[in-house]
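# Structure at a glance
Given next are the chains, with one letter for each unit.
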Amino acid sequence: MPPALTDVLDRIARAAKACGRRREDVTLVAVSKMQPWDRVEPVLTAGQAVFGENRVQEAMERWTPHRQAIELRLIGPLQSNKAKEAVAFFDVIESLDREKLARALADEVQKQARSPRLYVQVNTGEEPQKAGVAPAEADAFIAACKETYGLSVEGLMCIPPAAEPPGPHFALLAKIAARNELSKLSMGMSDDFETAIAFGATSVRVGSALFGAR
């Protein structure tokens, strides 16, 4: 097993234990986006089975030969005109953040009779340059996804502002999830995933700590 993978898994286990959770309660999403294949392949070969990609086309080119062996998550912004490919190719879409996209995904789920697991992305820092629904609008948007579009939302995702402590953002996401009865929280990256685990993350998205800087 690559030393970096062993280290990240050990850190997840320690962080989970420290807050009374089980290692199995936290899924490692290996963020392979833009990484060269010679860095990704050893992690795949070692048994890592969940990977995150930012772009539909890039993911299809990279993972089509290995598609049956992994769970693939779309963690980057999704354009509505890519909904068809995204529904067909990904197991999980973590970046649902607007009604136009909800409508497009609902249409494709009906057409393809295939339903990826869905997470609503919340822009906890309300940063204008970032995707995600504003926290104050999250409840209404989640309800619309379920009731208007018939989508089965299972969790929430966030990317806290880089210049702020992540803890309050993770706490906010967990609070929104709890009141909407959503069980999954995708939060925490290479620099802060231990903190995210303490706040209830069920999956952490780790790239540079696994593969090195892009």
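See the structure above.
Predicted model only: the values in this text are computed from it and were never measured.

Turning to its location among the elements, K111 is positioned in helix α5 (residues 99-112). Sequence separation between K111 and K84 is 27 residues, and the spatial gap between their C-alpha atoms is 9.2 Å.

This part covers unusual backbone geometry. Not every positive phi belongs to a glycine, and M34 is a case in point at roughly 65 degrees. Tracing the sequence through the fold places M34 in the loop between β1 (27-31) and α2 (37-45). One non-glycine residue, A113, adopts positive backbone phi at about 50 degrees. Take A113: it is sitting in the loop between α5 and β5 (117-121).

Time to look at helix α7 (residues 167-179). Here α7 contains 13 residues, and its C-alpha end-to-end distance of 19 Å stays within 8% of the 18 Å for a straight helix at 1.5 Å per residue. For α7, the set of buried residues is G167, H169, F170, L173, I176 and A177. Looking at the buried positions of α7, the neighbouring elements they touch are α6 (135-147), β6 (153-157), β7 (184-186) and α8 (193-198). Downstream of α7 by one or two residues, E181 has phi in the positive range, about 55 degrees.

This next bit is on the pairing of β1. The element β1 is extensively covered by neighbouring structure, given that four of its five residues are classed as buried. In this sheet, strand β8 (residues 203-206) lies alongside β1 in parallel orientation, the contact comprising four bridges. Bridge pairing in β8 links A30 to V206. Pairing analysis gives two bridges linking β1 to strand β2 (residues 50-53), with the strands arranged parallel. Its bridge partner lying in β2, V31 is registered against G52. Handedness of the β1-α2-β2 crossover: right-handed.

With 59 residues, the main nonpolar core has F51, L96 and L156 as its most contacted residues. Residue contacts for L96: discarding those within four places in its chain leaves L101, A102, L105, L118, Y119, V120, Q121, F141, C145, L151 and V153.

Structurally, the α-helix is built with 3.6 residues per turn, so residues lying three or four positions apart point the same way. The first and last C-alpha atoms of α5 sit 20 Å apart over 14 residues, in line with the 20 Å expected at 1.5 Å per residue. Of all the positions in α5, only L101, A102, A104, L105, A106, E108 and V109 are classed as buried. Backbone geometry just downstream of α5 places A113 in the positive-phi region, at approximately 50 degrees.

What follows is about the environment of Q57. As for its placement among the helices and strands, Q57 is situated in helix α3 (residues 56-63). Each C-alpha atom of the pair Q57 and S203 lies 24 Å from the other, and the pair is 146 residues apart in sequence.

To continue, consider the pattern of salt bridges. Under the definition given, this model contains 15 salt bridges. In this structure, E24 engages R22 in a salt bridge whose closest nitrogen and oxygen atoms are separated by 3.8 Å. With a relative accessible area of 57%, E24 lands in the exposed category. D91 is paired through a salt bridge with R67; the nearest N and O atoms lie 2.6 Å apart. Residue D91 is found in the loop between α4 (83-89) and β4 (92-96), and its partner R67 is found in the loop between α3 and β3 (71-74); the two are separated by 24 residues along the sequence. The exposure class assigned to D91 is partly exposed, which follows from its relative accessible area of 22%.

Looking now at the packing of aromatic side chains. Under the criterion given, the structure shown has three aromatic pairs. Relative to W63, the ring of F51 lies with its centre 4.6 Å away and its plane at 40 degrees, an arrangement referred to as tilted. Here the residue F51 occupies a position in strand β2, and W63 occupies one in helix α3, the gap between them amounting to twelve residues. Each member of the pair, F51 as well as W63, carries the same accessibility label: buried. Grouping aromatic residues by their ring pairs yields a cluster made of W37, F51 and W63. Across from the ring centre of F89, 5.2 Å away, lies the NZ or CZ of R67, which sits over that ring.

Cut-offs and rules
- Residues numbered from 1 in each chain as written.
- Predicted model: local features only at pLDDT ≥ 70, side-chain atom pairs only at ≥ 80, totals over all residues.
- Heavy atoms only, no water.
- Helix = DSSP H or I, 4+ residues; strand = E, 2+ residues; numbered from the N terminus.
- Expected span 1.5 Å × (residues − 1).
- Buried < 20%, exposed > 50% of the residue type's maximum accessible area, 1.4 Å probe, protein only.
- Contact = heavy atoms within 4.5 Å.
- Pairing = 2+ DSSP bridges.
- Right-handed = clockwise from strand over helix to strand, strands pointing away.
- Core = buried A, V, L, I, M, F, W, Y, C linked by side-chain atoms within 4.5 Å.
- Salt bridge = Lys/Arg side-chain N within 4 Å of Asp/Glu carboxyl O.
- Phe/Tyr/Trp six-rings, centres within 6.5 Å; stacked < 30°, edge-to-face > 60°.
- Lys NZ or Arg CZ within 6 Å of the ring centre and 35° of its normal.

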